[in-house]
Amino acid sequence: MTVNCVWEHNGNDTLLYAVDHIGAYTRGESLEVAIEKMPQEITSYLKWLGADAPDDIEVVIACEKESDLAIKDADSDVLFPSEKALLTAQEYENLKALALKSARDFIALYESVPDKSAKATAERKTFYGQVPRSADEMYEHTKNVNEYYFAEIEVDADNGGNIFECRKRGFETLEKKLDFLGNAVIEGSYGELWSLRKVLRRFIWHDRIHARAMYRMAVKVFGAENVANPFYF
């Protein structure tokens, strides 16, 4: 399998995104490190979808973006060339279903953590503030990008209820816009360019970042046998 990737980087710090596996990504202190991690990420992602992973995975850099953001902390503003294309109704439904599945699976992981206030790492500050360390903090942080992401494509949303409920309501509001499948590219906060395709990717990508962190923390504290792994990390 060939995995086409977008490479976003600041110097050597790298975020590598799989174009055709929406939300799959790796990070590394160099491109080489991120490429080495990608086969395992694709294997995990395909298991999450209920699909078999191929024996051989080749990573191809399809697009590169140099950045002045804190890439090592997963600060990102890249808009893929493919994220400017019109959406068909079926594409949208498929991608929405993935974003909602991701939200449901995030809840399942969160609810399985025996003590949601437990922490296993020292405090660390990034561009968005203190890194969330407990399951409670990770869950709230991940849920609360809902209003922000939808607002970047001019959709009025909120963060009320659980991560699935507020995300689903956001999509319902979006779908009231007659032209939403046009996938307009919009300049949002800080001059960052957004589209509906990008929002769909960002939901799944952001879920994977914090689900992986939550799972690793919980395994370290409670053991793998005591924590759900719906993302197959």
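Quick caveat, the model's predicted, so the values are computed rather than measured. As a convention, each chain's residues are numbered from 1 in the sequence order in which they are written. Where local features are concerned, this predicted model is filtered to residues with pLDDT of at least 70; where side-chain atom pairs are given and counted, the filter is 80 or more; whole-chain, interface and lining totals use all residues. For the side-chain quantities, the full set of heavy atoms in the structure was used; hydrogens and water were omitted.

Participant: Report on the side chain of S102, specifying residues and quantitative values.
Facilitator: Structurally, the position occupied by S102 is in helix 2 (residues 89–112). Categorising residues by exposure relies on relative accessible area from a 1.4 Å probe, with only protein chains included: less than 20% of the type maximum marks a residue as buried, more than 50% marks it as exposed, and the intermediate range marks it as partly exposed. Relative accessible area serves as the criterion here: at 0%, S102 is assigned to the buried category. There is a polar contact of 2.6 Å between the side chain of S102 and the side chain of D207. Those residues in contact with S102, other than ones at most four positions away along the chain, are W48, R167, I204, D207 and F231. What counts as a helix is a DSSP run of H or I of at least four residues, what counts as a strand is a run of E of at least two, and both are numbered from the N terminus. Side-chain atoms alone can form a polar contact between residues adjacent in sequence; in general such a contact is a pair of N or O atoms within 3.5 Å, and within protein one must be able to donate a hydrogen while the other accepts it. Only heavy atoms matter for contacts: two residues are in contact if any of them lie within 4.5 Å across the pair.

Participant: Could you give an account of the packing of aromatic side chains, naming the residues involved and the relevant values?
Facilitator: Think of it this way: a Phe, Tyr or Trp ring, Trp meaning its six-membered ring, pairs with another when their centres are within 6.5 Å, and the plane angle makes it stacked under 30 degrees, edge-to-face over 60, tilted otherwise. Scanning the entire structure with this criterion turns up 18 aromatic pairs. Ring plane angle 50 degrees and centroid distance 6.4 Å describe the contact between Y215 and F233, whose orientation is recorded as tilted. Of the two residues, Y215 is situated in helix 6 (residues 196–222) and F233 in the segment after helix 6; the sequence distance between them amounts to 18 residues. By relative accessible area, F233 is classed as partly exposed at 24%. Over the ring of W194 we find K198; its NZ or CZ atom is 4.6 Å from the centre of that ring. In this analysis the charged atom, NZ for Lys or CZ for Arg, is taken to sit over a ring once it is within 6 Å of the ring centre and within 35 degrees of the ring normal.

Participant: If you had to explain the side chain of R133 to someone new, which residues and values would you point to?
Facilitator: Looking at where R133 falls in the secondary structure, it is placed in the loop between strand 6 (129–130) and helix 3 (135–143). Given a relative accessible area of 14%, R133 falls into the buried group. Of note is the side chain of R133, whose polar atom sits 2.6 Å from the backbone oxygen of T121. Beyond its immediate chain neighbours, meaning those up to four positions away, R133 contacts A118, K119, T121, A122, E123, M138 and M217.

Participant: Describe the sheet that holds strand 2 (residues 13–18), and please don't skip the residues or the numbers.
Facilitator: Paired strands, in this sense, are two strands between which DSSP finds at least two bridges. Strand order in the open sheet formed by four strands is 3-2-1-4, with mixed pairing between adjacent strands. Every interior strand has two partners, whereas the edge strands, strand 3 (25–28) and strand 4 (58–66), have only one. Put simply, the sheet's adjacent strands are angled 25 degrees from each other on average, direction ignored. Strand direction decides the pairing type here: strand 1 (residues 2–10) and strand 4, joined by eight bridges, are parallel. Residue V6 lies in a different strand from strand 4, and its bridge partner there is C63. Seen against the sheet, helix 1 (residues 31–48) touches strand 1, strand 2, strand 3 and strand 4 and runs at an angle of roughly 150 degrees to strand 3. Convention adopted: a line fitted to C-alpha atoms gives each axis, helices being fitted over their contacting stretch, and angles between N-to-C directions are expressed from 0 to 180 degrees.

Participant: Report on the pairing of strand 2, specifying residues and quantitative values.
Facilitator: Among the six residues in strand 2, five count as buried, and that is most of the element. Here strand 1 folds back onto strand 2, and the loop between the two strands holds two residues, one of which, G11, carries a positive phi near 65 degrees. Of the strand pairs in this sheet, strand 2 and strand 3 are connected by four bridges, and their pairing is antiparallel. Following the sheet pairing, T14 is matched in strand 3 by G28. A loop of six residues connects strand 2 with strand 3, the two strands running antiparallel in sequence, and G23 in this loop sits at a positive phi of about 100 degrees.

Participant: Run through the nonpolar core, naming residues and quoting values.
Facilitator: We define the nonpolar core as a collection of buried residues of types Ala, Val, Leu, Ile, Met, Phe, Trp, Tyr and Cys that are connected through side-chain atoms lying within 4.5 Å of one another. Of all hydrophobic cores here, the largest spans 57 residues; its most connected members are F171 and M214. Top element by residues in this core is helix 6. It accounts for eleven residues. Here M214 is in contact with F106, L109, Y110, V113, A135, M138 and Y139, once residues within four sequence places are set aside. Within the second largest apolar cluster, twelve residues are counted, among which are Y25, A74, V78 and I209.

Participant: Describe in detail the pattern of salt bridges, supporting the description with residues and values.
Facilitator: Put simply, a salt bridge is a Lys or Arg side-chain nitrogen that is within 4 Å of an Asp or Glu carboxyl oxygen. This structure, assessed with the given rule, holds 14 salt bridges. Between E83 and R201 there is a salt bridge, with the nearest N and O atoms lying 2.4 Å from each other. With E83 in the loop between strand 4 and helix 2 and R201 in helix 6, this pair connects stretches of sequence that are 118 residues apart. Classification of E83 as buried rests on a relative accessible area of 4%. In this structure R201 comes out as buried when scored by relative accessible area, which is 2%. Of the charged contacts in the structure, one is a salt bridge between R197 and E91, with a shortest N-O distance of 3.1 Å. You can see R197 sitting in helix 6 and its partner E91 sitting in helix 2, a full 106 residues away along the chain.

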